[in-house]
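Each chain, letter by letter, is given below.
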Amino acid sequence: MQPTLILVHEPEKACFDRLVADGYPAERATEISSYLAQSTDLAPEFDQLAAACEKRGLAFVAVELDAAATVLAKADPAKTLVWTLTDGIAYFRGGAAPAMARLSGLKTIGADDSLFALCQDKFRSGAVLGALGLPVPTAGLARNGEWLVEPPASPAGWFVKPNRLGAKIGIWPDSRITELGHALNLSRRVFSHYRDDVVVQPYVAGRNARASFLGLKPETGVEALGVAFVESRGDFQTMADSMALYGDAGRAARAAGAYAEPELQPVAASQPAADRAIRVLVQKLITGLGLKDVFSVDLRVEADDTIHLIEFEVCPGLPCFDFRDYCRRQWGMSLADAMAETAASRLGL
């Protein structure tokens, strides 16, 4: 049997159909399932990925999540590598893929399955990051108009976002607030739309930055981290912005000239001290939390080089503009070649 890369992904439609069957209105199901747009966006490139793998002596198999248990149970542990493209523990189910791979004794790309669960619960994740001494804003937690944990005082106001939803789902132009009563109103809106809690963090000033990582070789370290400011039209991106970037809706919006990708600017070019501090922070995440192989970290960077850790992802949006840019800048490769090279190195090819 040829060494094989299995890419497990949950399609948007499978998620949409399941949410509608669970009673979500179609509009809400569309918003929620848009988180899985990277599955939609990468699928047209599966042939390119297969060709890039073949050049390196690898077979490539893309497997939809609902078929993964059967496929992984039949795979050869000595010659198989599993890459989980889409994660999730609540609205999405991709977090089951690394656990199924472990159950079958298969090698995986990325962090262990416990982190797939942790990173998708922002409140619990923040508690763990804070316990590691990392600069994460202390959060409150509210559910449908009631405080479960009250947030700390904040002269600059607060920021409100759903606890278990990513891709800016449930973030609106009024998600930055100055009165905690509005946070409870937003929690009612989020609960009504998505049945989720909200985290309420002190607002932190600065520019949005993303640190991206793909380790082409197992020994690759933070020297290969790509750290860039993400400059969009406003202080923060909303759900409307996100849905105009990714998936079928995003392609239509961009084709119509309705939305442009944010600009990426290397942090080191203007704030080298902040760039160095971010690399130290990410090393702590690698050592203390277990991030590896592929991940991204979202931050806010102030003008005086103060950094704030907002959240991390163990399934970064690989086909998104920022990760493609990282692969080109750091590795001089297309996304397909960078993925195939990473997989081949893990299988000793």
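Only a predicted model underlies this, so the values are computations on that prediction, with no experimental measurement involved.

> What exactly am I supposed to notice about the layout of surface pockets here?
The gaps of empty space that remain are located by a probe, the size of a water molecule, rolled over the atoms. The volume enclosed by the largest pocket comes to roughly 270 Å³. Every residue lining the largest pocket is counted, 19 residues in all, and those nearest its centre are G226, V227, A228, D325 and R329. Only β10 (207-214), β11 (226-231), β12 (263-266), α12 (267-270), α13 (272-289) and α14 (321-331) provide two or more residues apiece to the lining of the largest pocket. The greatest single-element share of the lining of the largest pocket, amounting to 5 residues, is contributed by α14. Classifying every residue of the lining of the largest pocket by side-chain character gives 9 nonpolar, 4 polar and 6 charged.

> Would you explain the sheet that holds strand β7 (residues 158-162) in this entry?
Two strands in a sheet stick together by hydrogen bonds in their backbones, pointing the same way (parallel) or opposite ways (antiparallel). Read across the open sheet, the 5 strands follow the order β6-β5-β9-β7-β8; overall the sheet is antiparallel. Of all the strands in the sheet, just β6 (146-149) and β8 (176-177) have a single pairing partner and so form its edges. In the sheet, β7 pairs with β8 via 2 bridges, with the strands oriented antiparallel. In the strand pairing of β8, F159 is matched with R176.

> When you look at the packing of aromatic side chains in this model, what are you seeing that I'm missing?
Remark: the centre distance and the inter-plane angle together describe each pair of aromatic rings, the angle taken between the planes. With the rule as written, the count across this model stands at 6 aromatic pairs. With 4.9 Å between their ring centres and 20 degrees between their planes, F213 and F295 make a pair best called stacked. Here F213 is found in strand β10, whereas its partner F295 is found in strand β13 (residues 294-301), with 82 residues between them in sequence. Take F295: its relative accessible area is 0%, and that puts it in the buried class. Connected via pairs of aromatic rings, a cluster forms that spans Y35, Y91 and F92. The positively charged end of R176 is found above the aromatic ring belonging to Y203, 3.5 Å away from the centroid. Lying over the aromatic face of Y24, R195 brings its terminal NZ or CZ to 3.8 Å of the ring centre.

> Can you walk me through the packing of helix α4 (residues 46-55) against helix α15 (residues 335-346) in this structure?
Orientation of α4 relative to α15, taken along the N-to-C sense of each, is 45 degrees, at an axis distance of 8 Å. With respect to each other, α4 and α15 are oriented oblique. Remark: the crossing between α4 and α15 carries right-handed chirality. Residues Q48, L49, A52, C53 and K55 of α4 form the contact with α15, whose own contacting residues are A336, D337, M339 and A340. A class-by-class count of the residues in the contact of α4 with α15 yields 6 nonpolar, 1 polar and 2 charged.

> Can you walk me through the pattern of salt bridges in this structure?
Should their charged atoms come close, side chains of opposite charge can pair. Inspection of every chain in the model, using the stated rule, returns 25 salt bridges. Ionic pairing is found between R279 and D275, a salt bridge with its closest N-O pair at 2.9 Å. Here R279 and its partner D275 are both found in helix α13, 4 residues apart, which amounts to about one turn of the helix. Owing to a relative accessible area of 21%, R279 belongs among the partly exposed residues under this scheme.

> Teacher, can you tell me more about helix α9 (residues 180-194) here?
Note: α-helices contain 3.6 residues per turn, so residues at a spacing of three or four share the same orientation. Taking 1.5 Å of rise per residue, the 15 residues of α9 would be expected to cover 21 Å, and the 21 Å separating its terminal C-alpha atoms lies within 8% of that figure. Buried within α9 are the following residues: A183, L184, L186, S187, V190 and Y194. Looking straight down α9, one finds its buried side chains confined to an arc of 160 degrees; they lie on one side. Two residues or fewer after α9 comes R195, characterised by a positive phi angle close to 60 degrees.

> I would appreciate a short explanation of empty space enclosed by the protein in the present structure.
Scanning all chains against the criterion turns up 3 cavities of 30 Å³ or more. Computed from the structure, the largest cavity encloses a volume of approximately 990 Å³. Taken together, 47 residues make up the lining of the largest cavity; nearest its centre are K168, R210, Q237, D298 and E311. Ranked by residue count, the leading element in the lining of the largest cavity is β13, at 4 residues. Considered as a void within the structure, the second largest cavity measures approximately 80 Å³ in volume. What lines the second largest cavity is C119, K122, S125, G126, L129, V136, Q201, I310 and E311. Elements with a contribution of two residues or more to the lining of the second largest cavity: α8 (122-131) and β14 (307-313).

> Would you mind showing me how to read the sheet that holds strand β2 (residues 59-64) here?
Strand order in the open sheet formed by 4 strands is β2-β1-β3-β4, and the pairing between neighbours is parallel. The two strands at the open ends of the sheet, each matched to only one other strand, are β2 and β4 (107-109). For this sheet, the mean angle separating the axes of adjacent strands, direction not counted, is 25 degrees. Across the sheet, α4 is in contact with β1 (4-9) and β2; its angle to β2 comes to roughly 145 degrees.

> Explain unusual backbone geometry to me, please; I cannot follow it from the model alone.
For residues other than glycine, phi is negative in most cases, and the peptide bonds are mostly trans. Even without being glycine, N144 reaches a positive phi, approximately 50 degrees. Within the secondary structure layout, N144 lies in the loop between β5 (140-143) and β6. Phi at D293 is positive, roughly 70 degrees, even though this residue is not glycine.

> What should I look at first to understand the environment of W172 in this one?
Within the fold, W172 resides in the loop between β7 and β8. Excluding residues that lie within four positions of it along the chain, W172 makes contacts with L186, R189, V190, H193, Y194, F236, T238 and M239.

Scoring rules and cut-offs
Residues numbered from 1 in each chain as written. Predicted model: local features only at pLDDT ≥ 70, side-chain atom pairs only at ≥ 80, totals over all residues. Heavy atoms only, no water. 1 Å grid on protein atoms, 1.4 Å probe; cavity = no way out; pocket = protein on both sides within 12 Å on 5 of 7 lines; lining within 4 Å. Points joined across faces, edges and corners; volume = space filled by probe spheres on them. Helix = DSSP H or I, 4+ residues; strand = E, 2+ residues; numbered from the N terminus. Nonpolar A, V, L, I, M, F, W, Y, C, P; charged D, E, K, R; others polar. Pairing = 2+ DSSP bridges. Phe/Tyr/Trp six-rings, centres within 6.5 Å; stacked < 30°, edge-to-face > 60°. Buried < 20%, exposed > 50% of the residue type's maximum accessible area, 1.4 Å probe, protein only. Lys NZ or Arg CZ within 6 Å of the ring centre and 35° of its normal. Axes fitted to C-alpha atoms, helices over the stretch in contact; angles between N-to-C directions. Parallel < 35°, antiparallel > 145°, perpendicular 65-115°, else oblique. Left-handed = near helix turned anticlockwise from the far one by under 90°. Contact = heavy atoms within 4.5 Å. Salt bridge = Lys/Arg side-chain N within 4 Å of Asp/Glu carboxyl O. Expected span 1.5 Å × (residues − 1). Arc of directions from axis to C-beta.

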